[in-house]
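Observations on the three-dimensional arrangement
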Amino acid sequence: MSVVTKADQVAPVDLITVTIDGTEVQVPKGTLAIRAAEMIGIAIPRFCDHPLLDPVGACRQCMVEVPDMGNGRGMPKPQASCTLECAPGMQIKTQLTSPVADKAQTGMLEFLLINHPLDCPICDKGGECPLQNQAMSNGRGESRYEGVKRTFPKPVAISAQILLDRERCIQCARCTRFSEQISGDPFIALVERGALQQVGEYAKQPYDSYFSGNVVQICPVGALTSAAYRFQSRPFDLVSTDSTCEHCASGCSLRVDHRHFQVKRRLAGEKPEVNEEWNCDKGRFGFVSARGDDRITRPLIREDGALRVASWPEAIDAAVAGLAAAGNSIGVLTGGRLTVENAYGYSKFARAVLGTNSIDFRSRPTGADEAAFLATHVAGRTLADAVTYADLETAGHVVLAGFEPEDESPLVFLRLRKAVRKKGLKVTAIAPFASAGSAKLAATLVPTVPGDEVAALRALTLEPGAVVMVGERLALVPGALDAAAEVAAAAGARLAWVPRRAGDRGAIEAGCLPGLLPGGRPLADTAARVDVATAWEIEGLPAEPGLDATAMLAAASAGDLRALVVAGLEPADFADAAAVRAGLENAGFVVSLESRLSEVTERADVVFPVALIEEHAGTFLNWEHRPGTVNTVIKQANAPMTDLRVLAALADGLGRPLGIRTPKQALAELTELGTWPQPLVDPQPLVEPQPLVEPVETPKKRTRRASAAAQTRVSTSSTIDSGEATVKLATWRQLIDGGRGQDNEEAMAATARPSVARVGPALAGVLGVADGDQVAVGGEAGWYSLPVAITPGMVEGTVWVPQNSPGTPLGELGLVAGVDVTLSVGGAE
């Protein structure tokens with residue numbers, strides 16, 4: 001069955017001719033007059049108009065004269081060009097050629113300024129304010145108004161993050177339209193009439209949207225500001241740098257503004273093919289996590305059971321000695337924070353320097369068949385043959401399996417919502433309940449108990465050209481990833497894998513998997529190993545199967561793996577946090593490359609400080625396989641070293657030079673390697689992880705245990721109130737959760753969705769609980785106490801709790817989606 005291609009979906013454009021200020025221009029039928037003027041370089045002043053929002057004509061600033069509507073008759077009064085569609089033969093005069101249009105625009109500006117306060121010297125928008133700019137270019141030289149201006153108490157917090165100065169508002173409705181049309185969070189609206197009109201909020205529902213920061217950016221005046229940036233700087237004091245967001249795999253473009261060697265704010269960059277002009281609050285505000293006292297600025301080595309500050313040469317020598325003593329009994333855990341260049345450095349370091357294939361980027365719960373799926377359907381692909389954001393708008397039908405886009409890839413959610421609104425896209429969600437995001441997408445729910453996704457996928461009816469989007473969580477269901485691929489292929493649909501972290505897609509291409517070499521080359525293929533070894537100018541690559549992340553930690557815990565090199569991970573992110581800690585505790589030697597003190601550094605023998613995202617350059621690959629450039633924002637002497645430079649120094653010390661030290665060198669080498677042109681074969685089977693043994697207590701390890709108990713945020717009491725049921729656990733991570741990358745941004749954290757235990761009405765009835773009642777969720781390892789949220793339509797026999805929100809780090813209890821848990825009435829005592 002053939003697949004519908006992009007070329008098949010291109011429709012012919014119906015052009016019409018209009019005349020603007022005496023210049024003829026051809027535009028597509030339905031083009032707004034304000035857009036037609038832009039095509040020939042004429043800027044009509046405006047406030048309410050935004051190219052990604054529906055036209056509303058609220059501010060009346062963009063008035064033009066229409067002497068001929070195309071039928072020989074003119075319009076008697078000036079018209080708002082942002083709502084006026086061009087007609088064949090229409091003649092339009094802007095402020096440049098029409099005194100009528102110029103007078104109308106000048107009058108509107110004077111009207112808007114009547115009650116606008118003179119806050120410019122203290123307003124965050126001062127210096128980049130459209131009202132300021134257009135008052136200077138299109139307004140009167142001085143005001144004729146001598147009355148008393150309207151005032152309000154200021155500011156009003158419409159959420160913990162968004163602050164409103166009502167007297168500055170010009171009622172353009174950009175914010176309310178964004179909330180309703182783009183994000184689907186209509187928690188704010190224009191209320192009252194006339195001079196009393198203002199932005200209002202729902203009394204019982206604050207504006208806790210994942211995308212609330214966008215209303216600050218698109219506000220044409222300083223009416224909306226953020227708690228994070230308010231009074232921090234003036235726009236003309238900032239230095240701006242384009243970059244790419246490091247949080248999720250959406251690949252959003254950012255504008256990063258800094259002053260005095262510190263990032264002050266981040267704004268959504270313009271990248272029409274990816275994030276258009278939007279981004280999520282996590283990407284906008286979550287950049288201050290390393291501003292606490294836990295920032296590592298100098299190397300640390302363990303001496304007499306405690307970490308102490310060391311010089312770089314001393315730390316390098318200590319790490320080299322420990323790694324050399326371990327031979328090739330070493331595992332490399334890279335995590336998901338790395339750029340492509342740094343990930344490639346780890347891949348080459350593991351194989352060419354350490355002589356091991358035990359390398360894995362997956363610091364999360366994984367499934368047994370995920371590596372084979374990634375090798376067959378993800379690795380070695382290019383943007384040319386991948387599903388893109390544009391494809392989502394033309395797909396007609398998108399299926400979501402093991403994937404909650406609003407939480408796990410928010411810009412995918414916005415693009416899907418746009419397609420639903422504009423093109424009637426059909427969305428199907430295979431999930432235990434219709435989430436808030438699914439409701440905004442008008443998605444058809446296929447109620448599915450966790451673990452039954454394979455049957456749900458095989459029961460789907462798909463059309464050619466449809467898109468099946470699978471998340472990393474689907475790997476926890478045996479056979480589900482393969483089922484998704486088979487169903488898509490059989491129907492002529494397309495398959496897209498969407499990871500949660502920004503570095504995951506690039507890590508696969510860099511070869512940060514035990515069965516894959518860079519460029520999607522299978523380790524099991526002798527020719528692929530020879531190809532890479534030749535490019536790296538070494539005698540050969542290790543052919544022995546490597547361990548995945550879980551197996552490495554289990555082997556380290558059992559004493560079978562002598563050393564670990566860790567780039568950055570959190571034990572609570574794994575399926576079993578205790579097993580991760582045991583592996584780190586009992587590894588013979590641990591080298592940690594981190595920017596902040598963490599549970600890993602507490603158990604490491606040598607700690608190297610590495611650069612933050614704003615302190616180095618690189619590249620992220622998003623879920624489409626589209627590269628996004630990361631530029632150095634903070635440029636200073638003695639800047640922190642990148643992971644790549646630290647690895648190169650270690651390689652030199654081990655006598656096997658890495659051959660690359662800079663991101664430019666690493667990317668050039670990986671690009672020259674290219675993707676593997678031969679058919680992919682199944683990767684070598686991974687060594688199955690062994691059951692964890694009781695850790696051997698040593699004097700050195702005993703000193704590291706002090707903080708382990710403090711990290712456990714659960715009750716291990718078995719005293720539970722009467723009334724309980726054994727149910728399946730459903731879970732995923734919410735966008736704003738307990739992740740350390742969001743630390744130190746209290747206003748954003750306050751907008752996080754509350755941690756609740758979601759159950760269906762029938763299960764709630766059996767337990768005898770109502771909304772807000774406390775229940776305990778857990779098992780033998782411990783319990784979490786949460787309020788109940790009764791969710792209509794939820795599949796019965798299931799409870800959903802957030803995976804890693806404050807109060808619910810499920811890895812502490814060894815809980816993942818699909819396992820049986822006990823749900824008990826009342827909280828844990």
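Attention shifts here to the packing of helix α4 (residues 174–183) against helix α12 (residues 410–423). Helices that pack against each other are described as a pair by the angle of their axes relative to one another and the distance between those axes. In the contact formed by α4 and α12, the axes pass within 8 Å of each other and the chain directions differ by 85°. Taken together, the axes of α4 and α12 lie roughly perpendicular to each other. For the pair α4 and α12, the contacting residues are E180, Q181, I182 and S183 in the first and F413, L414, R417 and R421 in the second.

With that out of the way, let us pick up the side chain of S363. Mapped onto the secondary structure, S363 falls in the loop between β17 (359–360) and α9 (370–377). Apart from residues lying up to four places away in sequence, S363 is in contact with G335, G336, R501, L569, D573 and F574.

This brings us to the pattern of salt bridges. It is possible for side chains bearing opposite charge to pair when their charged atoms get close. Within the structure shown, the criterion is met by 57 salt bridges. When the shortest N-O distance is used, the salt bridge between E110 and R144 registers 2.7 Å. In this pair, E110 sits in helix α2 (residues 99–113) while R144 sits in the loop between α3 (130–138) and β6 (156–157), placing the two residues 34 residues apart along the sequence. The exposure class of R144 is exposed, given its relative accessible area of 55%. Taken together, the shared-partner salt bridges in this structure form one network comprising D119, K154, D165, E167, R168 and R230.

With that settled, the discussion passes to the pairing of strand β29 (residues 627–630). Of the two faces of β29, the one holding G628 and V630 is buried and the one holding P627 and T629 is not buried anywhere. Turn length for the strand β28 (residues 618–621)-β29 hairpin, with the two strands adjacent in sequence and antiparallel, is five residues, and the turn residue H625 shows positive phi of about 80°.

If you trace the five strands from one edge of the open sheet to the other, you get β2-β1-β5-β3-β4, paired in mixed fashion. For this open sheet the edge positions go to β2 (23–28) and β4 (79–80), each flanked by a neighbour on one side alone. Alignment of strand β3 (residues 63–68) against β4, held across two bridges, turns out to be antiparallel. Across the sheet, residue V64 finds its bridge partner in β4, namely Q79. α2 rests against β3 and β5 (91–93) of the sheet, and its axis sits at about 155° to β3.

We now examine the packing of aromatic side chains. Think of a pair of aromatic rings as described by two things: how far the centres are apart, and how the planes are tilted against each other in angle. Evaluated as defined, the whole model comprises eight aromatic pairs. On the numbers, 5.2 Å between centres and 75° between planes, the contact of Y389 with W623 is edge-to-face. Here W623 lies in the loop between β28 and β29 and Y389 lies in helix α10 (residues 389–394), a separation of 234 residues in the sequence. The same class applies to Y389 as to W623, namely buried.

Turning next to the layout of surface pockets. Each pocket or cavity is described by its volume, and for the second largest pocket that value is around 780 Å³. Lining the second largest pocket are 36 residues, with K125, V216, Q217, I218 and L267 sitting closest to its centre. Elements with a minimum of two residues in the lining of the second largest pocket: α3, α5 (213–218), β10 (224–226), β13 (262–268) and α6 (281–285). Here the lining of the second largest pocket takes five residues from β13, the largest share from any one element. Looking at the lining of the second largest pocket, its residues break down into 14 nonpolar, eight polar and 14 charged.

Here Q171 lies in the loop between β7 (162–164) and α4. Setting aside its immediate chain neighbours within four residues, Q171 contacts A58, R150, L190, Q197 and Q198.

Turning our attention to the sheet that holds β13. In space, the three strands of this open sheet follow the order β11-β12-β13, with antiparallel pairing throughout. With one partner strand each, in any of the chains shown, β11 (239–244) and β13 form the two edges of the open sheet. Neighbour-to-neighbour, the strand axes of this sheet turn through a mean angle of 30°, independent of strand direction. Judged from the six bridges that link them, β11 and strand β12 (residues 253–259) form a sheet pairing that is antiparallel. Residue pairing across strands places S240 opposite D257, the latter belonging to β12.

So, about the nonpolar core. One finds F178, L224, L392, V398, M469 and W623 to be the most contacted residues of the largest nonpolar core, which totals 90 residues. Per-element accounting of this core gives the leading share, seven residues, to α12. Setting aside chain neighbours within four positions, we find F178 in contact with L53, S183, Y207, F211, N214, V215, I218 and W278. Judged by nonpolar contacts, the second largest core, of 86 residues, contains L462, V477, V487 and L513.

Here the structure, examined in full by the defined rule, presents six cavities of 30 Å³ or more. Contributing to the lining of the largest cavity are 15 residues, with R364, P365, E472, R473 and Q803 lying nearest its centre. Across the lining of the largest cavity, the residue classes break down as four nonpolar, three polar and eight charged. If you add up the space inside the second largest cavity, you get close to 100 Å³.

Basis of the calculations
Residues numbered from 1 in each chain as written. Predicted model: local features only at pLDDT ≥ 70, side-chain atom pairs only at ≥ 80, totals over all residues. Heavy atoms only, no water. Axes fitted to C-alpha atoms, helices over the stretch in contact; angles between N-to-C directions. Helix = DSSP H or I, 4+ residues; strand = E, 2+ residues; numbered from the N terminus. Parallel < 35°, antiparallel > 145°, perpendicular 65-115°, else oblique. Contact = heavy atoms within 4.5 Å. Salt bridge = Lys/Arg side-chain N within 4 Å of Asp/Glu carboxyl O. Buried < 20%, exposed > 50% of the residue type's maximum accessible area, 1.4 Å probe, protein only. Pairing = 2+ DSSP bridges. Phe/Tyr/Trp six-rings, centres within 6.5 Å; stacked < 30°, edge-to-face > 60°. 1 Å grid on protein atoms, 1.4 Å probe; cavity = no way out; pocket = protein on both sides within 12 Å on 5 of 7 lines; lining within 4 Å. Points joined across faces, edges and corners; volume = space filled by probe spheres on them. Nonpolar A, V, L, I, M, F, W, Y, C, P; charged D, E, K, R; others polar. Core = buried A, V, L, I, M, F, W, Y, C linked by side-chain atoms within 4.5 Å.

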